[in-house]
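So you can see what is in the structure, the chains are spelled out below.
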Amino acid sequence: MNILVLNGSPKGDNSVTMTYIKHLEIVFPEHRFQIRNIAQAIHRLEKDDGKFDALMNEVRECEVVLWAFPLYFMLVHANYKRFIELIFERNQEAVFSGKYAASLSTSIHFYDHTAHNYIRGISEDLRMNFVESFSAEMQDLMVPSERQNLRVFMENIVDACQKQVVTTRVFPKLSQPVLNYQPATPQKLTELGKLSLVIVTDSGSMSDNLKNMLERFRSSFTKTPEVVDLTTIKIAGGCLGCMKCGMDNECTYDGKDDVRTTYEEKLKKADIVVFALTMKDRYFSARWKNFLDRRFYKTHQPGLPGKQIGYLISGPLSYEQNLRQILAAQAETDQANLVDIITDELTTSTDLDQAISNFSEKLMRYATIKVKKPKTFLGVGAAKIFRDEMWGDLRLIFQADYRYYKKHGMMDFPQSKFSTRLMHLFVPFLRLGPVKKQVQDKTKDMMHRSQDLVNKQEQEKRKK
Ligand SMILES: Cc1cc2nc3c(=O)[nH]c(=O)nc-3n(C[C@H](O)[C@H](O)[C@H](O)COP(=O)(O)O)c2cc1C
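Quick caveat: nothing in here was measured; it's all calculated off a predicted structure.

Q: Where do I start with the overall build of the protein chain in this structure?
A: A count of helices and strands for the protein chain gives 18 helices and 10 strands. Sorting the 464 residues of the protein chain into buried and exposed places 51% on the buried side. Here the contacts in the protein chain between residues at least 6 apart in sequence split such that 83% fall between residues at least 24 apart. For the protein chain, the accessible area works out to roughly 23,200 Å², and carbon and sulfur atoms hold 54% of it. Once the 66 positive and 57 negative side-chain charges of the protein chain are each reduced to a mean point, those two points are 7 Å apart.

Below you can see the structure in the form of structure tokens.
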């Protein structure tokens, strides 16, 4: 079988993900694996029509397309994202239509599912027959049972293609908003006082609705907020995955472009950061993704701690819950407070005017009292993964993260808590006959004893 591997690693052949493909090549000598380094060669693919057309011919001729990529900020690398954009911009959907497809990634399992959801959604938009995803942890290839899983994955793909099995659609088709937004002039302006607000946008991929949303939003304050336009700042290139950042947060691009200074001088100095973005396929533009990937100079450290953040989005976000989850998860891992997400999926311009005005006020109010909503599973789970990795295997490379986590109390393992350890000393006694019965009878009360105490104290405080 002729399998075309679209490699999403910016490192090309020198990639962890490709070791998994190499393994498949060894185990399945009867199949032909053609590897194309998409993320590494994106500039040539974009500039040289001959190269792009040759690749499209290879897609035409193959039987299976295997999307093979490393995780980059809950998705794929910006260059891989750009390749997906090129497919649609150059009307190449028909080339992919009807092909069998599958996805394979390597990562530390940090929002790997959102990247696979994205790739599956794109494959379905291209009318491919998507068979299944395989998300390997970087080190899995060393484990015999995981190698067995990988083999089964490949066998399933081959089997599905040979038998031409019918695949089911998982993600709904995107339905673009119908509103043609015509904003009115705001009646009441929001006073920011000493608070600073910065808006990040990408004018190169901005819809008319977003242009108007941005205008309305900016004019709803007494002082017009600053805009950082990713189309005009200098971005010298995409993240290379070189890991130079690991030890001391240095970046290969330091001094060569505006990415670090934009984060440090604009975003990190603001109280409120609003991202104004237009959806492009099932995400935002590759330019935006590039800006995000490049934030990895700060490796696994929270990117916007203590900020109030929000989104103005033009596009069918309600059809793309995967992206909504990415935004919520990114905010929580950044230790920022996600105030709201306003989209143009409303029926009238008046409604959108009102939504934007409420948004402006809410941002100001939340920033004034420094709101920090409790994290959900998205942030709590994520923090535990990073904490364990930075303490464990990744400490060697990401020494700056280890120092940061220690300094900011993020190495919060439960076994380090003295009170927890003390409590555990009693565990064996709780199983003794009469004690066990008493504990079982009182469990419900015990579960909220401390909370009751807090409420009692609050009541007494208010009586005084
Ligand atoms: C900028 C950047 C962002 C990353 N984002 C994620 C992520 O969101 N989730 C994750 O599990 N791993 C993430 N990783 C880790 C890589 O996905 C992982 O190391 C992968 O195995 C690298 O594969 P490669 O050598 O084929 O490029 C990231 C790495 C880099 C450099």
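On we go from here.
Q: Even after reading the chapter, I still don't get the layout of surface pockets, so can you show me in this structure?
A: If a probe the size of a water molecule is rolled over the atoms, the empty space left behind becomes visible. Each pocket or cavity is described by its volume, and for the largest pocket that value is around 1,000 Å³. Along the walls of the largest pocket sit 46 residues, with Ile 108, Phe 110, Phe 296, His 300 and Phe 386 positioned nearest its centre. Among the secondary structure elements, those contributing two or more residues to the lining of the largest pocket are helix 1 (16-27), strand 4 (100-107), helix 12 (321-333) and helix 14 (377-391). Looking at the lining of the largest pocket, its residues break down into 23 nonpolar, 15 polar and 8 charged.

Q: Please clarify how the UniProt feature "domain: Flavodoxin-like fold" (unreviewed entry) in the protein chain should be interpreted in this entry.
A: This chain's UniProt record puts "domain: Flavodoxin-like fold" (unreviewed entry) on residues 1-140. Helix makes up 44% of residues 1-140 and strand 26%, whereas the separation of the span's terminal C-alpha atoms amounts to 25 Å.

Q: How should I be thinking about the sheet that holds strand 3 (residues 64-70) in this particular structure?
A: To summarise the sheet geometry, strands pair through backbone hydrogen bonds and adopt either a parallel or an antiparallel arrangement. In spatial order, the strands read 2-1-3-4-5; together these 5 strands make up an open sheet with parallel pairing. Either end of the sheet is taken by a strand with one partner, and the two such strands are strand 2 (32-37) and strand 5 (129-137). Strand after strand, the sheet turns through a mean of 20° between neighbouring axes, direction not considered. Bridge analysis of strand 1 (residues 2-7) against strand 2 gives 6 bridges, and the strand direction is parallel. Each residue of the ladder has a partner; that of Ile 3, found in strand 2, is Phe 33.

Q: Explain the sheet that holds strand 6 (residues 197-201) to me, please; I cannot follow it from the model alone.
A: One open sheet accounts for 5 strands, arranged 7-6-8-9-10; its pairing is parallel. With partners counted over all chains shown, the strands left at the sheet margins are strand 7 (226-229) and strand 10 (337-343), one partner each. Shown here is a sheet whose adjacent strand axes are inclined to one another by a mean of 20°, direction ignored. Strands in contact with helix 12 are strand 9 (308-314) and strand 10; relative to strand 10, the strand with the most contacts, it is inclined by about 155°.

Q: Would you take a moment to explain the side chain of His 31 for this structure?
A: Relative to the assigned elements, His 31 resides in the loop between helix 1 and strand 2. Here His 31 falls in the buried class, since its relative accessible area comes to 13%. A polar contact is formed between the side chain of His 31 and the backbone nitrogen of Met 1, at a distance of 3.0 Å. Setting aside residues up to four positions removed in sequence, His 31 forms contacts with Met 1, Ile 3 and Val 158.

Q: Sorry if this is basic, but what is going on with the nonpolar core here?
A: Grouped burial of nonpolar side chains is what soluble globular proteins tend to show. By size, the foremost hydrophobic cluster in this structure holds 85 residues, and its most contacted members are Leu 6, Trp 67, Phe 83, Phe 96, Phe 275, Trp 288 and Phe 291. Looking at this core, you find at least three residues from each of domain 1 (2-163) and domain 2 (197-377).

Q: Is there a simple way to think about the site of the ligand in this case?
A: In the vicinity of the ligand lie 20 residues, with Ser 9, Val 16, Thr 17, Leu 71 and Thr 106 positioned nearest. Ser 9 is positioned such that a nitrogen or oxygen atom in its side chain is 2.7 Å from an oxygen atom of the ligand. Burial of the ligand by the protein chains amounts to 94% of its free accessible area of 640 Å². At a threshold of 2 Å from the grid points, most atoms of the ligand map onto the largest pocket. Within the residue set of the shell around the ligand, elements represented by two or more residues are helix 1 and strand 4. Counted by class, the shell around the ligand contains 12 nonpolar, 6 polar and 2 charged residues. Two domains share the shell around the ligand, each providing at least three of its residues, namely domain 1 (2-163) and domain 2 (197-377).

Q: For this particular structure, what's the right way to read the pairing of strand 5?
A: Along a regular strand, successive side chains alternate from one face of the sheet to the other. The pairing of strand 4 with strand 5 spans 7 bridges and is classified as parallel. Bridging from a neighbouring strand, Ser 107 pairs with Glu 137 of strand 5. As a crossover connection, the stretch from strand 4 through helix 6 (residues 112-125) into strand 5 is right-handed.

Q: Explanation requested: the side chain of Ser 15 in the structure shown.
A: Relative to the helices and strands, Ser 15 is located in the loop between strand 1 and helix 1. Polar side-chain contacts of Ser 15 include one of 3.1 Å to the backbone nitrogen of Thr 17.

Q: Sorry, what's going on with the environment of Gly 238 here?
A: With respect to the helices and strands, the residue Gly 238 is situated in the loop between strand 7 and helix 9 (245-248). Apart from residues no more than four positions distant in its own chain, Gly 238 is found in contact with His 77, Tyr 253, Asn 290 and Arg 294.

Q: Hey, could you run me through the environment of Gly 204 in this one?
A: By the element assignment, Gly 204 lies in the loop between strand 6 and helix 8 (208-218). With relative accessibility at 59%, the residue Gly 204 sits in the exposed group. For the pair Gly 204 and Arg 287, spaced 83 residues apart in sequence, the C-alpha separation works out to 8.7 Å.

Rules behind the numbers
Residues numbered from 1 in each chain as written. Predicted model: local features only at pLDDT ≥ 70, side-chain atom pairs only at ≥ 80, totals over all residues. Heavy atoms only, no water. Helix = DSSP H or I, 4+ residues; strand = E, 2+ residues; numbered from the N terminus. Buried < 20%, exposed > 50% of the residue type's maximum accessible area, 1.4 Å probe, protein only. Contact = heavy atoms within 4.5 Å. Areas by Shrake-Rupley, 256 points an atom, 1.4 Å probe, with all protein chains shown as cover. Lys, Arg positive; Asp, Glu negative; His and termini not counted. Charge placed at Lys NZ, Arg CZ, Asp CG, Glu CD. 1 Å grid on protein atoms, 1.4 Å probe; cavity = no way out; pocket = protein on both sides within 12 Å on 5 of 7 lines; lining within 4 Å. Points joined across faces, edges and corners; volume = space filled by probe spheres on them. Nonpolar A, V, L, I, M, F, W, Y, C, P; charged D, E, K, R; others polar. UniProt positions renumbered as here; feature names shortened; annotations may be inferred. Pairing = 2+ DSSP bridges. Axes fitted to C-alpha atoms, helices over the stretch in contact; angles between N-to-C directions. Polar contact = N/O pair within 3.5 Å; in protein donor to acceptor, adjacent residues only side chain to side chain. Core = buried A, V, L, I, M, F, W, Y, C linked by side-chain atoms within 4.5 Å. Domains from an automatic or database assignment. Near = heavy atom within 4 Å. Sits in = over half its atoms within 2 Å of the grid points. Right-handed = clockwise from strand over helix to strand, strands pointing away.

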